[in-house]
Amino acid sequence: GPDSATQADDHFNTVLYTGDGNNSRTVTGVGFQPDWLWIKRRDGSNSHVLVDSSRGSGSNDSLLSLLSNVSDAEYDLNDHVRSLDSDGFTLDDDTDNTVATNNNSQTYVAWNWKANGGTTSSNSDGTTTSTVQANTTAGFSIITYTGNATAGATIGHGLGKAPKWVITKARSGSYSWLVGHDGLASDPWTDAVLLDTTDAVSDSNLFWNDTAPNSSVITLGGAYNPVNGNNVTYVMYAFAEIEGYSKFGSYIGNGNANGAFVYTGFRPALIIIKQTNSTNNWRIIDNKRDGYNGSTKVMYPSVSNAEGSEVGADLLSNGFKLRADTAGTNASSGTFIYLAFAENPFKFANAR
């Protein structure tokens, strides 16, 4: 908007595209260089593909890939995401069919977050040195580190305020994606959920050493391979809450069409939801795949399924409202965590 120099979509944006099967296919319209890019085929069953500018490229011609729906180690693929560009990204022809990003006539969604343009720095705030690129304006950092199997080890995150959502993945081993979130329990950093499974929340001091992140470091548990295995390499995506841009919280479902209203203070561009008291798929809802409220197209990060169509949530000017008795978003007495990012300018209303 004209009132704000910084807009939410300077830091997060969703783009849709159709594959053409060609080399050097450019996808534009992101509005910035994505530093964390998450691609999913919409019209069929293929893995979610996650790349970032901190891990960069491997020995092949593409960026190193992680898949949200499996515990597999990092893939060094051919012919997929070639580069992260000033307004989007460049793809290859998908002849290596391990994952799908640009097969001819297939439809895709890409979620894009901005960190620090790929510029990383060494961070010694913690007991373990990390490599960080942080976007403090948007409360997002990408952290790489090597585990040491020591309970209470800490890593610097570079955000200047405590993150409320962190997601960690082993790069060098087949271990689950571990997610910490402020809304998981009354003492949330005793608990975690896994991105690549439908499992309910679980409790262990092996996750975060029962210690909440602070303004400079994230605390890791002991010899637990998803977060701090000895000599295992990791990437972590950490988010602090920024008023008018991001909100990370929890709500209770009521199982009917007049569902809970969740106040975020902005119109959401993206919502990620996970039921925590029961097994259920993660769900991703965004403002690009549906042009209207009431019938929301959803993706499921924990499985490779094609896009689903279910009544999920209305995206409103100051939050979102759950609809229907959809088990994964509004089960009666269900407890849920959510992550929401804005489409509005920071701190400026965008009534419609």
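These figures come from a predicted structure and were not determined experimentally. Per chain, residue numbering runs from 1 following the sequence as it is written. Two thresholds apply to this predicted model, a pLDDT of at least 70 for residue-level local features and 80 or more for giving and counting side-chain atom pairs, whereas whole-chain, interface and lining totals are computed over all residues. Side-chain calculation: all heavy atoms of the structure are included, whereas hydrogens and water are not.

Lay out the overall build of the protein in plain terms, naming residues and giving numbers.
The helix and strand tally for the protein stands at three helices and 26 strands. Taken over C-alpha atoms, the radius of gyration is set against a globule rule of 2.2 Å times the number of residues to the power 0.38. Since a compact globule built from 352 residues should have a radius of gyration of about 20 Å, the 19 Å found for the protein is in line with a globular shape. With respect to the principal axes defined by its C-alpha atoms, the protein has extents near 50 × 50 × 40 Å. If you take every contact in the protein between residues at least 6 apart in sequence, the share linking residues at least 24 apart comes to 63%. Accessible surface computed for the protein: about 12000 Å², of which carbon and sulfur atoms make up 42%. In this text, helices come from DSSP runs of H or I with a minimum length of four residues, and strands from runs of E with a minimum of two, each type numbered from the N-terminal end. Working rule for contacts: check all heavy atoms of both residues, and any pair within 4.5 Å makes them a contact. To measure how exposed things are, a 1.4 Å probe is used in the Shrake-Rupley method; for residues, cover is taken only from the protein chains shown.

Run through the sheet that holds strand E18 (residues 246-252), naming residues and quoting values.
Think of a sheet as strands paired side by side through backbone hydrogen bonds, with each pair either parallel or antiparallel. Any two strands are treated as partners once DSSP identifies two or more bridges connecting them. Read across the sheet, four strands follow the order E18-E26-E20-E21 without closing on themselves; strand pairing throughout is antiparallel. Two strands lie at the open edges of the sheet, namely E18 and strand E21 (283-286), each paired on one side alone. On average, adjacent strands in this sheet sit at an angle of 20 degrees to one another, irrespective of strand direction. With four bridges joining them, strand E20 (residues 268-275) and E21 adopt antiparallel strand pairing. Residue pairing across strands places Ile-271 opposite Ile-285, the latter belonging to E21. The axes are straight lines fitted to the C-alpha atoms, using for helices just the contacting stretch, and the angles between their N-to-C directions are given from 0 to 180°.

Any details on the confidence of the model for the protein? Residues and values, ideally.
For the protein, the average pLDDT comes to 93, and 94% of its residues sit at 70 or higher. Confidence over residues 1-5 falls short of pLDDT 50; this stretch has seven contacts with residues more than four positions distant or in other chains. Residue-level confidence of the predictor is what pLDDT reports, using numbers from 0 through 100. For the stretch residues 348-352, pLDDT sits under 50, and the model shows nine contacts to residues farther than four places along the chain or on other chains.

So, the pattern of salt bridges: which residues are in play, and what are the values?
By definition here, a salt bridge exists when the distance from a side-chain nitrogen of Lys or Arg to a carboxyl oxygen of Asp or Glu is within 4 Å. For the structure shown, the criterion picks out 15 salt bridges. Across the pair Arg-55 and Asp-52 runs a salt bridge whose closest N-O atoms are separated by 2.6 Å. You'll find Arg-55 and Asp-52 in the same group, each marked buried. Arg-82 is paired through a salt bridge with Asp-92; the nearest N and O atoms lie 2.6 Å apart. Residue Arg-82 is found in strand E5 (residues 81-85), and its partner Asp-92 is found in the loop between strand E6 (88-91) and strand E7 (107-113); the two are separated by 10 residues along the sequence. Classification of residues uses two cut-offs on accessible area relative to the type maximum, computed with a 1.4 Å probe and protein chains only: under 20% is buried, over 50% is exposed, and between them is partly exposed. The exposure class of Asp-92 is buried, given its relative accessible area of 0%.

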